[in-house]
Amino acid sequence: MLIDLKENSICTECGLCREVCPVFQIYHQEEYSPRGRAILGTTGIQTLIYYQCTLCRTCRVVCPIGHDPSGETLRSGLIAVGVETPANQTMIANIRQYGNPFGLLAEGEIPKTLTCC
Amino acid sequence: MMDRLESLLQPDQVSTQEETRVAYSRDASRIQGECRAVVWPETVTDVVRLAQWAAETGIDLVPRGAGTGLCGGATPQNSVVVDSARLRQMDVLNIQLKQVVVEAGVPLDQLNMNLRSAGLFLPVIPGSHRSATIGGMIATNAAGLHAVRYGRMANWVENIIVVNGNGQVQCLAGSERSNSAGWEGITGMIVQATLRLTECPGKRSLTLLSFENLRIMLDQIDTLKTNPELSAMEYVNPNAAIMVGWAAKHTLLIEYHNSDGEIKDPEEISIIWRGRESLSARLTQAGYPVSEDPQIPPEAQEEILGWLFAQEIPVFGHLGVGILHPRFLPDDPRIPELYGRVSVAGGRINGEHGMGLKKRRWASEALKKDFHALKTQFDPHHVFNRGKLC
Ligand SMILES: Cc1cc2nc3c(=O)[nH]c(=O)nc-3n(C[C@H](O)[C@H](O)[C@H](O)COP(=O)(O)OP(=O)(O)OC[C@H]3O[C@@H](n4cnc5c(N)ncnc54)[C@H](O)[C@@H]3O)c2cc1C
Ligand code: SF4
Ligand code: SF4
């Protein structure tokens, strides 16, 4: 059964989606699992953990009710209150100042560091 | 005290950050608690150090697997949560003996996926099989979707390695296994177990039977159970059936490990199972978040299931072993009424989820007596799961 993409049910915190999350597979910590993010989301805590989501939505596929962690929304909440990673801040500053995310580049120079979120 | 905790382990094995404490403040029951810190042991020695630290400081430890428990067993009460998620080694597979040695934090589905090439599997399959860990399943003596054929987790455990409340490492084998299996972590943290396995079924088939009349359905059960290849007998009552788009009838989902069932197409079988397995989350979403788990003796099933249906309470569960899951709103006065009916009928109010925090006030005198004897023997300082069960 395909779930309508417009639907976004409220997470029931069953925990059935933990193992499919690639970020949880790295940290093995609940706060990085889809359920952990949903719990944090309901408390209103603004945390950089929201950036550590690949937006792959594998959790949504296995979720019995199709809950979507809405990574983009959680991140836009962070931006709204000015919570950014240092990498993010550098990238935005570079774009503003130099018109590219890499920083000052000489003509023809290939960037050595890619700064992104 | 927390500084000393941090000095016991590597920095990335301890967290007192707000995000972590919030995410670990409850399990799937959503019974809320207070978490002081979370630790992720990577060796048995880490767990021994933690138990010694807890005995010295008086702070209690809550062992946690996947946190899929439904009675607050893994909910901390101003405790330190010990997450088994980094105890994930699968060690020795002995194909001749059909046994495997695994660490406590291995999720069931991951274990069974690894065993597939050997044609073996651990057949205790709770609805939470994607995530539930071996440690959590032993601690709760999990039953599940195929209990009618394979029984409960304790039947499949050869031995259990536990760190008790004195910080001693013990191997519980033979009759001693029952000092850990089913005791929800009150005697210590399970770190490893040797599990018995069985052959994967060659074939599977399924039959869905729907009934207008509950009595007529119950009359079929004994006959259906005579088939030696029966591997599941799940019940969905009319109030729950409509949640997955099935007819509003008393429905039996019967699975066989041969071709006796009417539905043989693997895709069709898996769609039906997905519907059945989605029921728990769907009912939570539909406003019935509290999952009960009475085990009802056959002679009382008509009376109690009939009463639940008349009350318009959705019910599903493992009818083959009498464990049913009526769903309620929190504090529904019909929950104690249900417990009363089940107790009078000689059933159990905790069929498979355990007692945890949710049911501790219902603990019987016999349970309290066993609890105190076990605590004295294994955990005299009440290091593990303080305040749970009783
Ligand atoms: C959708 C859904 C379906 C479910 N279906 C079933 C079912 O069919 N059958 C069934 O029996 N249960 C079922 N459950 C309940 C739950 O999944 C089981 O109780 C499962 O065994 C818990 O495993 P866990 O790893 O999540 O343990 P947790 O929830 O983390 O812990 C459960 C209890 O065990 C203790 N514990 C955990 N790990 C250890 C350890 N290493 N050492 C000592 N104690 C430990 C905890 O302290 C706690 O008291 C279901 C739950 C959900 C959400
Ligand atoms: S969308 Fe984010 S939370 Fe969901 S599985 Fe992917 S990485 Fe994990
Ligand atoms: S996202 Fe879905 S699968 Fe994951 S915990 Fe929430 S309800 Fe369960």
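Since this is a predicted model, take the numbers as computed values, not measurements.

**What to know about the overall build of chain B**
- Assigned secondary structure in chain B consists of twelve helices and 17 strands.
- Here the C-alpha radius of gyration of chain B, 21 Å, is about what a compact globule of 390 residues would show, namely 21 Å.
- Overall size of chain B, expressed as C-alpha extent along the three principal axes, is 65 × 50 × 40 Å.
- Buried residues in chain B amount to 58% of all 390 residues.
- The long-range share in chain B, meaning contacts at least 24 apart out of those at least 6 apart in sequence, stands at 70%.

**Considerations on the overall build of chain A**
- The number of helices and strands found in chain A is five helices and zero strands.
- Ordered by position from N to C terminus, the α and β elements of chain A give α-α-α-α-α.
- Its C-alpha atoms give chain A a radius of gyration of 17 Å, more than 25% over the compact-globule value 13 Å for 117 residues.
- Its C-alpha atoms give chain A principal-axis dimensions of roughly 55 × 30 × 25 Å.
- The buried share among the 117 residues of chain A stands at 45%.
- Taking all contacts inside chain A whose residues are at least 6 apart in sequence as the whole, residues at least 24 apart take part in 54%.
- Approximately 6,300 Å² of chain A is accessible, and the part contributed by carbon and sulfur atoms is 62%.

**Looking at the domain arrangement of chain B**
All names here are of chain B.
- Looking at chain B, the domain boundaries give domain 1 (2-83), domain 2 (90-200) and domain 3 (205-344).
- Distance from the C-alpha centre of domain 1 to the C-alpha centre of domain 2: 22 Å.
- Taken together, the twelve residues of domain 1 in the interface contact 13 residues of domain 2.
- For the pair domain 1 and domain 2, the two sides together bury roughly 980 Å², of which 77% comes from carbon and sulfur.
- On the domain 1 side of the interface with domain 2, the three residues burying the most area are Val 44, Val 47 and Pro 63, jointly 36% of the side's total.
- For the interface between domain 1 and domain 2, the tally reads zero salt bridges.
- Inspection of the region where domain 1 meets domain 2 yields zero residue pairs in polar contact (both at pLDDT 80 or more).
- Considering every element that reaches the side of domain 1 that touches domain 2, the biggest residue donor is helix H3 (residues 44-57), with six residues.
- Of the residues that constitute the side of domain 1 that touches domain 2, the class distribution is nine nonpolar, three polar and no charged.

**Structural notes on the nonpolar core**
Residues and elements named next belong to chain B.
- In terms of nonpolar packing, the biggest core is built from 55 residues, with Leu 111, Leu 122, Ile 134, Ile 138, Met 153 and Leu 195 touching the most fellow members.
- When residues of this core are assigned to their parent elements, the largest contribution, five residues, is made by helix H9 (residues 266-285).
- Taken domain by domain, the makeup of this core includes at least three residues from each of domain 2 (90-200) and domain 3 (205-344).
- Counting residues in each nonpolar core, the second largest holds 29 residues, with Leu 224, Met 233, Leu 308 and Leu 338 among its members.

**What about the packing of helix H7 (residues 214-225) of chain B against helix H10 (residues 298-310) of chain B?**
Residues and elements named next belong to chain B.
- Axis separation between H7 and H10 bottoms out at 10 Å; the angle between their running directions is 140 degrees. Of the two possible hands of crossing, H7 and H10 adopt the one that is right-handed. Two secondary-structure elements touch here, H7 through Leu 214, Arg 215, Leu 218 and Ile 221 and H10 through Gln 301, Glu 302, Leu 305 and Gly 306.
- Looking at side-chain class alone, the contact of H7 with H10 contains four nonpolar, two polar and two charged residues.

**Considerations on the site of ligand 2**
All names here are of chain A.
- Close to ligand 2 lie Cys 21, Pro 22, Val 23, Pro 34, Arg 37, Cys 53, Thr 54, Leu 55, Cys 56, Arg 57, Cys 59 and Pro 69, which account for all nearby residues.
- Put simply, the parts of the chain that give the shell around ligand 2 at least two residues each are helix H1 (22-27) and helix H2 (34-43).
- Looking at the shell around ligand 2 residue by residue, the class counts come to nine nonpolar, one polar and two charged.

**Quick notes on the site of ligand 3**
- Neighbouring ligand 3 are the residues Cys 11, Thr 12, Glu 13, Cys 14, Gly 15, Cys 17, Arg 35, Cys 63, Pro 64 and His 67 of chain A.
- Among the residues making up the shell around ligand 3, the classes are represented as five nonpolar, three polar and two charged.

**Focus: unusual backbone geometry**
All names here are of chain A.
- Look at His 28: it is not a glycine, yet its phi comes out positive at around 55 degrees.
- Within the secondary structure layout, His 28 lies in the loop between H1 and H2.
- Note on His 28: relative accessible area 14%, which makes it buried.
- Positive phi, close to 60 degrees, is recorded for Leu 55, a residue that is not glycine.
- Relative to the helices and strands, Leu 55 is located in the loop between H2 and helix H3 (58-62).
- Leu 55 sits in the partly exposed class, given a relative accessible area of 29%.

**Brief notes about the packing of H10 of chain B against helix H11 (residues 334-344) of chain B**
All names here are of chain B.
- Relative orientation of the contacting elements H10 and H11 amounts to 165 degrees, with a least axis distance of 11 Å. By the angle class used here, H10 and H11 are roughly antiparallel. Judged by the sense of rotation from one axis to the other, the crossing of H10 with H11 is right-handed. Across from Glu 303, Ile 304, Trp 307 and Leu 308 in H10, the residues of H11 making contact are Arg 334, Glu 337, Leu 338, Arg 341 and Val 342.
- The residue inventory of the contact of H10 with H11, partitioned by class, reads five nonpolar, no polar and four charged.

**What to know about the packing of aromatic side chains**
Residues and elements named next belong to chain B.
- Evaluation of the coordinates by the stated rule reveals five aromatic pairs over all chains.
- A centroid spacing of 6.0 Å and a plane angle of 75 degrees characterise the contact between Tyr 24 and Trp 40, whose relative ring orientation is edge-to-face. Of this pair, Tyr 24 sits in the loop between helix H2 (18-23) and strand E2 (34-39) while Trp 40 sits in the loop between E2 and H3, and the two are 16 residues apart along the sequence.
- Pairing Phe 121 with Tyr 150 gives two aromatic rings, centres 6.0 Å apart and planes at 90 degrees, and the pair type is edge-to-face. With Phe 121 in strand E7 (residues 120-121) and Tyr 150 in helix H6 (residues 147-150), this residue pair connects regions lying 29 residues apart in the sequence. Assigned by exposure class, Phe 121 and Tyr 150 land together as buried.

The rules behind these values
Residues numbered from 1 in each chain as written. Chains lettered and ligands numbered in written order. Predicted model: local features only at pLDDT ≥ 70, side-chain atom pairs only at ≥ 80, totals over all residues. Heavy atoms only, no water. Helix = DSSP H or I, 4+ residues; strand = E, 2+ residues; numbered from the N terminus. Rg over C-alpha atoms; globule rule 2.2 N^0.38 Å. Buried < 20%, exposed > 50% of the residue type's maximum accessible area, 1.4 Å probe, protein only. Contact = heavy atoms within 4.5 Å. Areas by Shrake-Rupley, 256 points an atom, 1.4 Å probe, with all protein chains shown as cover. Domains from an automatic or database assignment. Buried area = accessible area lost by both parts, 1.4 Å probe. Salt bridge = Lys/Arg side-chain N within 4 Å of Asp/Glu carboxyl O. Polar contact = N/O pair within 3.5 Å; in protein donor to acceptor, adjacent residues only side chain to side chain. Nonpolar A, V, L, I, M, F, W, Y, C, P; charged D, E, K, R; others polar. Core = buried A, V, L, I, M, F, W, Y, C linked by side-chain atoms within 4.5 Å. Axes fitted to C-alpha atoms, helices over the stretch in contact; angles between N-to-C directions. Left-handed = near helix turned anticlockwise from the far one by under 90°. Near = heavy atom within 4 Å. Parallel < 35°, antiparallel > 145°, perpendicular 65-115°, else oblique. Phe/Tyr/Trp six-rings, centres within 6.5 Å; stacked < 30°, edge-to-face > 60°.

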